[in-house]
Every structure is written in structure tokens, then in C-alpha cells.
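Topology and contacts: notes
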Amino acid sequence: MSKAHGVVIESSNHRKNHRCSIFYGAHDSPYGTCRIALDEGSRICYLGFCDTGKRADFRALLESLWPAAVCRHAPKEIAWVVDSLAKRVTLNVTVLVHGTDFQIRVWSALLETAPGTVLSYGELARQICHPGAARAVGQAVGANRIALLIPCHRVISSNGQLGGYHWGTERKRALLLREQAGAPLFAGEASHRLDPIKCGADPDRGKSRHRAEVVRPASLAVKNDGCDENHPARR
């Protein structure tokens with residue numbers, strides 16, 4: 001179990017095939033339809049975005065992730081998640097994930113990144129002390145199914161470009177710019193036609209953190225530093 005910035009990651013690998021109830025629904029958001037699913041203990045087991053919001057598609061996705069679960073459409077049960085995101089940037093919640101030990105280690109490291117900062121896949125690999133595993137880290141980041149709370153949108157390419165995002169790069173850009181402004185992620189409207197970002201070192205957050213800045217044109221290279229031998233993960 002990992003915890004940072006109010007979010008607790010709990011592995012569900014041991015209960016994936018246990019019978020349980022999953023409550024799900026969809027809400028409008030500044031980034032399109034937001035799909036959310038909770039288990040019986042109010043732990044978030046899915047949070048993502050789509051353009052169509054088709055209920056049957058979401059149910060099928062949840063049934064593929066939780067084959068023994070009884071999935072119930074219950075938008076009132078999940079409304080508190082959107083309400084909380086609209087009021088503040090951080091949220092005290094537990095998220096339930098399926099993943100390998102390596103994936104969960106990557107996702108746990110993402111919890112340590114602060115809003116408004118970004119790092120490269122290579123930097124994240126070194127942060128978990130797997131230098132040279134940037135590709136595997138990228139795959140783990142892409143496998144995340146808990147948007148926002150496990151902030152995979154804060155990982156970018158080493159050349160300063162946004163890189164990929166499971167729910168679309170325009171959403172990724174919008175999320176980063178909103179975080180940079182210190183705004184609640186679900187308040188007001190967010191445009192999908194936003195300026196590019198570049199990454200400049202933030203001296204207050206150490207060498208492996210960067211501050212997202214709105215500029216024209218996009219991107220300077222992100223500086224890459226070696227894995228710190230004194231990092232707690234290496235002790």
C-alpha cells in the first residue's frame with residue numbers, strides 16, 4: 001500500500017476474481033465525459049475520460065477488469081468524487097488497482113509528483129532506480145486506469161514534448177496547464193485548444209522535477225540526471 005498527496009494505492013490483485021459490487025456512472029467534466037467506478041468500500045477502481053459516454057461500453061470495460069463483479073449503474077454513488085475534484089486539487093481517497101509489482105511501483109512513484117510539475121519517463125525510471133527502463137516505465141504509465149489521482153499526465157518525453165496519454169494528449173495538455181494555474185481540475189471550463197508547454201527546471205523541487213510553462217513554440221529538452229544512490233528506494 002502506498003500513500004501520497006492524500007491518495008492511497010491498494011492492490012486488488014488478490015481479489016480480482018472475488019465476487020463484489022462495482023458502482024459506476026458518468027459525469028460531465030471540462031475534459032469530456034468522466035467515467036468513475038467504485039467498489040463496495042467506496043474505493044475508486046476506475047477514473048477516466050471518453051468522448052461518447054456510452055454506458056454499455058463502460059460496463060463492458062469494467063466487466064473485463066473485474067470479471068467476477070456485479071456492475072451496477074449508480075451515478076449518485078459516485079457523484080461525490082466529481083464534487084470533491086471540483087472543490088480542491090487534492091482528494092483523500094483510496095484507489096484500487098490491478099497491476100504487476102513493477103507497475104504498482106511506478107504508479108506509487110507518480111503519487112510523489114507535485115501538481116504543476118512534470119518529469120520524463122527516463123527520470124521516473126531512475127526515480128524507482130531502474131535506469132534504462134524508460135520504455136517499461138512508459139508502458140506502466142500507459143496502463144494506469146486511475147486518471148488524475150495517479151497523475152500519469154505529469155510524465156512527458158525526454159525532449160520536452162507531451163508524449164502519449166491514454167485519454168488523449170489534448171486532455172493531458174489541459175490538465176497540466178490547469179494544475180500549473182493552481183485551479184481545481186473540475187471547476188469551470190477547459191479548452192482542448194491550448195498552448196504548448198515547455199519544461200524548465202524548478203529549483204525548489206530538485207533536479208528531477210520541472211515546472212510546466214505556457215510558451216510559444218513548444219518544448220526545450222528536459223534535463224536527465226542519474227539515479228541518486230542515496231534515494232530511499234536504493235537503501
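Above this text you will find the structure in question.
One structure accompanies this document, and this report is about it. Only a predicted model underlies this, so the values are computations on that prediction, with no experimental measurement involved. (Residues numbered from 1 in each chain as written. Predicted model: local features only at pLDDT ≥ 70, side-chain atom pairs only at ≥ 80, totals over all residues. Heavy atoms only, no water.)

**Observations regarding the nonpolar core**
Counting 55 residues, the largest nonpolar core has Leu47 and Val95 as the members making the most contacts within it. Dropping the residues within four chain positions of it, Val95 is found in contact with Val7, Val8, Ile9, Glu10, Ile44, Ile146, Leu149 and Ile150. (Core = buried A, V, L, I, M, F, W, Y, C linked by side-chain atoms within 4.5 Å. Buried < 20%, exposed > 50% of the residue type's maximum accessible area, 1.4 Å probe, protein only. Contact = heavy atoms within 4.5 Å.)

**Comments concerning the environment of Val137**
As for its position among the elements, Val137 is in helix H5 (residues 134-142). Assessed through its relative accessible area of 0%, Val137 is described here as buried. Placed 16 residues apart in sequence, Val137 and Tyr121 show a C-alpha to C-alpha distance of 6.3 Å. Those residues in contact with Val137, other than ones at most four positions away along the chain, are Phe102, Val106, Tyr121, Leu124, Ala125 and Ile128. (Helix = DSSP H or I, 4+ residues; strand = E, 2+ residues; numbered from the N terminus.)

**A closer look at the pattern of salt bridges**
All told, the structure shown has 6 salt bridges when counted by the stated rule. A salt bridge links Arg43 to Asp39; its shortest N-O distance comes to 2.7 Å. Residue Glu170 pairs with Arg173 through a salt bridge whose shortest N-O separation is 2.6 Å. Taken together, the residues Glu170 and Arg173, both in helix H6 (residues 169-180) and 3 residues apart, mark about one turn of the helix. A single network of salt bridges, built from pairs that share partners, joins Glu10, Asp39 and Arg43. (Salt bridge = Lys/Arg side-chain N within 4 Å of Asp/Glu carboxyl O.)

**Examining the packing of helix H3 (residues 101-110) against H5**
Where H3 meets H5, the closest approach of the two axes is 9 Å, and the angle between their N-to-C directions is 80°. Relative to H5, H3 is oriented roughly perpendicular. When H3 is examined against H5, the residues Phe102, Gln103, Val106, Trp107 and Leu110 are found in contact with a partner set consisting of Ala136, Val137, Ala140 and Val141. When grouped by side-chain class, the residues that make up the contact of H3 with H5 number 8 nonpolar, 1 polar and no charged. (Axes fitted to C-alpha atoms, helices over the stretch in contact; angles between N-to-C directions. Parallel < 35°, antiparallel > 145°, perpendicular 65-115°, else oblique. Nonpolar A, V, L, I, M, F, W, Y, C, P; charged D, E, K, R; others polar.)

Fair warning: the whole summary comes from geometry, so function is off the table for now.
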